[in-house]
Amino acid sequence: MECIFCKIAKREIPSDVVYEDEDIVAFRDIKPVAPIHVIVIPKEHIEGVHSLEDKHQALVGKLILKAKDIANQLNLKEGYRLVLNVGEYGGQTVSHIHLHIIGGRPMMWPPG
Ligand code: AMP
Ligand code: ZN
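Since we're looking at a predicted model, the values are computed, not measured.

The subject of this paragraph is the pattern of salt bridges. Taken as a whole and assessed by the stated rule, the structure comprises 10 salt bridges. Among the salt bridges present, the one from Glu-20 reaches Lys-43, with a minimum N-O distance of 2.9 Å. Remark: Lys-43 occurs in the loop between strand E3 (36-42) and helix H2 (57-73) and Glu-20 occurs in strand E1 (residues 17-20); sequence separation between them is 23 residues. Note on Lys-43: relative accessible area 29%, which makes it partly exposed. Between Lys-62 and Glu-22 there is a salt bridge, with its nearest N and O atoms 3.9 Å apart. Of the two residues, Lys-62 sits in helix H2 while Glu-22 sits in the loop between E1 and strand E2 (24-28), which places them 40 residues apart along the sequence.

Moving on, we come to the coordination of the zinc ion (ligand 2). Reference values for coordination geometry: four tetrahedral donors around a metal ideally subtend 109.5 degrees, six octahedral donors ideally subtend 90 or 180 degrees. The zinc ion (ligand 2) binds to the protein through Cys-3 (SG), Cys-6 (SG), His-45 (ND1) and His-96 (ND1), with metal-donor distances spanning 2.0 to 2.3 Å. Coordination at the zinc ion (ligand 2) is tetrahedral: its four donor atoms span angles of 106 to 114° at the metal. Sequence spacing among the residues donating to the zinc ion (ligand 2) works out to C-x2-C-x38-H-x50-H. Highlighted residues: Cys-6 in helix H1 (residues 4-9) and His-45 in the loop between E3 and H2, separated in sequence by 39 residues. For Cys-6, a relative accessible area of 7% puts it in the buried group.

For the coordinates displayed, the defined rule picks out one cavity of 30 Å³ or more. Looking at the largest cavity, its volume works out to about 40 Å³. Forming the boundary of the largest cavity are Val-60, Leu-63, Ile-64, Leu-84, Ile-97 and Leu-99. Considering every element that reaches the lining of the largest cavity, the biggest residue donor is H2, with three residues. Each residue belonging to the lining of the largest cavity can be placed in one class, and the counts come to six nonpolar, no polar and no charged.

Cut-offs applied
Residues numbered from 1 in each chain as written. Chains lettered and ligands numbered in written order. Predicted model: local features only at pLDDT ≥ 70, side-chain atom pairs only at ≥ 80, totals over all residues. Heavy atoms only, no water. Salt bridge = Lys/Arg side-chain N within 4 Å of Asp/Glu carboxyl O. Helix = DSSP H or I, 4+ residues; strand = E, 2+ residues; numbered from the N terminus. Buried < 20%, exposed > 50% of the residue type's maximum accessible area, 1.4 Å probe, protein only. Donors = N, O, S within 2.8 Å, 3.2 Å for Na, K, Ca; no water. Tetrahedral: all angles 85-135°; square planar, octahedral: opposite > 155°, others 65-115°. 1 Å grid on protein atoms, 1.4 Å probe; cavity = no way out; pocket = protein on both sides within 12 Å on 5 of 7 lines; lining within 4 Å. Points joined across faces, edges and corners; volume = space filled by probe spheres on them. Nonpolar A, V, L, I, M, F, W, Y, C, P; charged D, E, K, R; others polar.

Here's what the structure looks like:
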């Protein structure tokens, strides 16, 4: 069965998309942990950071640069957090690489 984020990228299931181009889709998290919580994904199915290869270098760079643009667009002037959860201990629940943009409130450190 195809993964849920691939389905979102193909618009096969609804989501609140805030940005899209030929490589990337960004949409609001269905269970936000802060006033702003956006998930940024490549359209290509890559399982996670652990499965990245050298050929993904430009795509991963673009993911972060677009996350910055989206954060600016969402007016996160006071700052925000970018999170990549990796694998079981990293808290990754969806096996399609994704960058969280979390903002709109101060963040704690260390994370749980
Ligand atoms: P992670 O725990 O890093 O794998 O993050 C996965 C995130 O995807 C969680 O914050 C979920 O709330 C979010 N999520 C799962 N399904 C959907 C969906 N259909 N639409 C939007 N966000 C989702
Ligand atoms: Zn996928």
